[in-house]
Amino acid sequence: MNRIYRVVCFSAFAGALAWLLGPSLYELVIRWSSDPAYSHGFLVPVFAVYLLVRRRGMAGVSSPAVAWGLGLLGIGALLEIAAGVVMVRTLAHYSLPFFAAGICLVFCGWHCLKWAWPSIVFLFFMVPLPGPLGDLLSHPLQRVATKVATYVVQLIGVPAIAEGNVIVLSEARLGVAEACSGLRMLVSFVTFAVAVVFLVDRKPWEKAVVLLSAVPIAIIANVTRITVTAALYEWVSSELAEAVFHDLAGWLMMPLALALLAGELRLLSALFVEAPVREALPVASIAGMKKAPPKPVARSVGRRKHLRAR
């Protein structure tokens, strides 16, 4: 009877949440469909479910942690209210993981949350960045991409000067617009890097290195795109450079970044090799040791014959 009561309560509660969160989910789907920077959002729930299946051996139910669960549900409700008050819908989108964690604790306890926490945390990556935060990150990334790309272009023998966010070449001016700052690449690649961290069986410090390297790798991929475009402007033609910059390079940035990430994992495996564990030799107890009888001393035949002759 207790189990039936829990199932009924859970179903009613899930239905109420679906009604409450339906508009937020619909807005997310529209944003994923219209903004290429967040098209990976469709894959986030799928990967979250895959993590649940992958960790199914840890699934279980313990005593409900009602107080903690209601606290997380309260945070989600406050985010929904704040989104309506300040008219920032992103706050409502961030409430989804808090509601998921609260449901786990209220109905299934800490054991269930221990099983589901990677999937719940990963749900944050399906939410687009708030507009002000995106602008705050975009401008520094735009400036860094311009400066570093100018240096690399000069390094390969192409004359170039940075004027603001424009790379002045001998034959053209290559503008690093806000859309070319690498923010889209950064958001998508960090999401993939977190997914890799959840999948690979590595030490915690190695996973931390992978996460910290996600930003530099995304910047390297974007700088490579700008550098190749500048080289094509100087060495081939402006038509090919424009085609590569706006079409082909945009598709190749993510495979390049993933290849760099795979190389980093291989490098970590090659540099830090665990020493083989040697089995400890059995230690005999001193009290249980018996004194071995002395070995007989062999006498030579010639010595015995010499003694008899005397």
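Residues numbered from 1 in each chain as written. Predicted model: local features only at pLDDT ≥ 70, side-chain atom pairs only at ≥ 80, totals over all residues. Heavy atoms only, no water.

A. Quick peek at the overall build of the protein. Helix and strand counts for the protein stand at 10 helices and 3 strands. The N-to-C order of helical and strand elements in the protein reads α-α-α-α-α-β-β-β-α-α-α-α-α. The buried share among the 310 residues of the protein stands at 35%. When contacts within the protein are restricted to residue pairs at least 6 apart in sequence, those whose partners lie at least 24 apart make up 72%. Accessible surface for the protein amounts to roughly 19,400 Å². Of this, 70% is attributable to carbon and sulfur atoms. (Helix = DSSP H or I, 4+ residues; strand = E, 2+ residues; numbered from the N terminus. Buried < 20%, exposed > 50% of the residue type's maximum accessible area, 1.4 Å probe, protein only. Contact = heavy atoms within 4.5 Å. Areas by Shrake-Rupley, 256 points an atom, 1.4 Å probe, with all protein chains shown as cover.)

B. Representation of the nonpolar core within the structure. Among the nonpolar cores identified, the biggest contains 50 residues, and Met126, Met185 and Phe189 are the most heavily contacted of them. Those elements giving two or more residues to this core turn out to be α1 (2-34), α2 (43-54), α4 (89-122), α6 (183-199), α8 (214-235) and α9 (238-271). With 15 residues, the single largest contributor to this core is α4. Filtering out sequence-adjacent residues up to four positions away, Phe189 remains in contact with Ala214, Ile217, Ala218, Met254, Ala257, Leu258 and Leu261. (Core = buried A, V, L, I, M, F, W, Y, C linked by side-chain atoms within 4.5 Å.)

C. Inspection of the state of the cysteines at higher detail. A full pass over the atoms with the stated rule returns 0 disulfides. In this model Cys108 remains outside any disulfide bridge; the closest cysteine sulfur is found in Cys112, 4.2 Å from its own. (Disulfide = S-S within 2.5 Å.)

D. Up close: the sheet that holds strand β3 (residues 173-175). Spatial ordering of the open sheet is given by β1-β2-β3, a layout of 3 strands whose pairing is antiparallel. Across the chains shown, the open sheet's two edge strands, defined by having one partner strand only, are β1 (160-163) and β3. For this sheet the average axis-to-axis angle between neighbouring strands, irrespective of direction, equals 25°. Examined bridge by bridge, strand β2 (residues 166-169) and β3 share 3 bridges and lie antiparallel to one another. In the strand pairing of β3, Ile167 is matched with Leu174. Against the sheet, helix α5 (residues 131-155) touches β1 and β2, its axis set at about 170° to β1. (Pairing = 2+ DSSP bridges. Axes fitted to C-alpha atoms, helices over the stretch in contact; angles between N-to-C directions.)

E. Just the packing of aromatic side chains, in detail. Under the counting rule described, the total for this entry stands at 9 aromatic pairs. When the ring of Trp117 is compared with that of Phe198, the centres are 5.9 Å apart and the planes differ by 75°; the resulting orientation is edge-to-face. Pair noted here: Trp117 is in helix α4 and Phe198 is in helix α6, with a separation of 81 residues, a long-range link. Under the relative-accessibility criterion, Trp117 is labelled partly exposed at 41%. One aromatic cluster in this structure is built from Phe47, Tyr50, Trp117, Phe122, Phe125 and Phe198. (Phe/Tyr/Trp six-rings, centres within 6.5 Å; stacked < 30°, edge-to-face > 60°.)

F. Fine view of the confidence of the model for the protein. Chain-level statistics for the protein give a pLDDT mean of 80 and a share of 82% at 70 or above. Mean pLDDT values over the elements of the protein span from 49, in helix α10 (residues 301-309), up to 92, in α2. (pLDDT = per-residue confidence, 0-100.)

G. Local environment of the pattern of salt bridges. Following the criterion strictly, the structure yields 4 salt bridges and no others. For the salt bridge of Arg89 with Glu27, the shortest nitrogen-to-oxygen distance reads 3.0 Å. Here the residue Arg89 occupies a position in helix α4, and Glu27 occupies one in helix α1, the gap between them amounting to 62 residues. Residue Arg89 is classed as partly exposed on the basis of its relative accessible area, which comes to 32%. Among the ionic pairs, Arg173 bridges to Glu163, the shortest N-O distance being 3.6 Å. You can see Arg173 sitting in strand β3 and its partner Glu163 sitting in strand β1, a full 10 residues away along the chain. Looking at Glu163, the relative accessible area reads 44%, which means it is partly exposed. (Salt bridge = Lys/Arg side-chain N within 4 Å of Asp/Glu carboxyl O.)

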